[in-house]
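Coordinates in review
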Amino acid sequence: MTIEVRPIREEDIESFHAAVGVVARERTYLALLEAPPIERARSFVLRNIEKGYPQFVAIADREVVGWCNIPPASREVMAHVGDLFMGLLPQWRGQGLGERLLRESLAAADAFGYLRIELGVFAGNTRAAALYRKAGFIEEGVKRRAILIDGVFHDEVIMARLRD
Ligand SMILES: CC(C)(COP(=O)(O)OP(=O)(O)OC[C@H]1O[C@@H](n2cnc3c(N)ncnc32)[C@H](O)[C@@H]1OP(=O)(O)O)[C@@H](O)C(=O)NCCC(=O)NCCS
């Protein structure tokens, strides 16, 4: 099946929201247990589209199977910083799609003008960390026991990619 990677559109909002929910409910990779309410997801996406903040999706059969958002950090003094958040539905992992989605999103982030892109990854998520390292991210530190899911602590590794 051909997978399209492209900027998100308004028509993708519900399927983007559903995809985040699927990965959140795995309770393994994201600092979320459920997708945010649909109205919050809608205003988030519409704002990204309106402001030109990078948000790419991978589309298979008209459904979102992966996403990569890089909106700016919320404080004015951090407007040069993009906060990256990505994921793929389980059946689409390990086939090069995450790398494709990340590279396209980073190209858009560079064109947007971010000077720093940062993210947090669970310490046990070696697949994601390897992908980020491959794309130029460097580990900066560890927030110990930052996440607690089902009685298990996860350290969160902070990674960033700088641009001169
Ligand atoms: C993390 C994720 C986006 C990676 O996307 P992917 O499509 O599975 O990864 P790719 O097939 O594009 O692989 C890209 C690179 O990731 C790394 N990688 C992929 N699978 C791996 C594995 N099983 N173990 C270790 N590294 C792995 C490798 O560096 C790989 O490059 P290589 O093929 O040249 O060795 C995807 O697996 C995912 O959505 N996982 C669940 C949600 C998640 O972890 N989101 C990130 C939260 S911070």
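Every value quoted in this text rests on a predicted model; they were computed, and no experiment measured them.

1. A closer look at unusual backbone geometry
In this structure, R27 takes a positive phi of about 60° despite not being glycine. The residue R27 is located in the loop between α1 (13-25) and α2 (38-51) in this model. Take R27: its relative accessible area is 34%, and that puts it in the partly exposed class. Phi is positive for R145, which is not a glycine, with a value near 50°. Structurally, R145 is set in strand β7 (residues 138-149).

2. Observations concerning the site of the ligand
Within the structure, the ligand sits among 22 residues, and L88, G96, G98, N125 and K134 are positioned closest to it. Between Q95 and the ligand, the recorded distance is 3.2 Å, taken from a backbone N or O atom to an oxygen atom. Within the side chain of K134, a nitrogen or oxygen atom sits 2.4 Å from an oxygen atom of the ligand. Notes on the ligand: free accessible area 930 Å², of which the protein chains cover 74%. More than half of the atoms of the ligand fall within 2 Å of the grid points belonging to the largest pocket. Looking at the shell around the ligand, the elements that each hand over two or more residues are β5 (85-88), α3 (97-112), β6 (116-122) and α4 (126-134). With six residues, α4 is the largest single contributor of residues to the shell around the ligand. Of the residues belonging to the shell around the ligand, the class tally is eleven nonpolar, seven polar and four charged.

3. Some words on the layout of surface pockets
Taken as a whole, the largest pocket spans an internal volume of roughly 1000 Å³. Counting only elements with at least two residues in the lining of the largest pocket, the list comes to α1, α2, β5, α3, β6 and α4. Residue contributions to the lining of the largest pocket peak at five residues, all from β6. Split into classes, the residues belonging to the lining of the largest pocket amount to 22 nonpolar, nine polar and seven charged.

4. Re the nonpolar core
The biggest cluster of nonpolar side chains holds 45 residues, and the ones touching the most others in it are L84, L102, Y132 and F137. Looking at this core, the elements with two or more residues in it are α1, β2 (55-60), β3 (63-69), β5, α3, β6, α4 and β8 (152-162). Ranked by the residues each element gives to this core, the list is headed by α1, at six residues.

The rules behind these values
- Residues numbered from 1 in each chain as written.
- Predicted model: local features only at pLDDT ≥ 70, side-chain atom pairs only at ≥ 80, totals over all residues.
- Heavy atoms only, no water.
- Helix = DSSP H or I, 4+ residues; strand = E, 2+ residues; numbered from the N terminus.
- Buried < 20%, exposed > 50% of the residue type's maximum accessible area, 1.4 Å probe, protein only.
- Near = heavy atom within 4 Å.
- Polar contact = N/O pair within 3.5 Å; in protein donor to acceptor, adjacent residues only side chain to side chain.
- Areas by Shrake-Rupley, 256 points an atom, 1.4 Å probe, with all protein chains shown as cover.
- 1 Å grid on protein atoms, 1.4 Å probe; cavity = no way out; pocket = protein on both sides within 12 Å on 5 of 7 lines; lining within 4 Å.
- Sits in = over half its atoms within 2 Å of the grid points.
- Nonpolar A, V, L, I, M, F, W, Y, C, P; charged D, E, K, R; others polar.
- Points joined across faces, edges and corners; volume = space filled by probe spheres on them.
- Core = buried A, V, L, I, M, F, W, Y, C linked by side-chain atoms within 4.5 Å.

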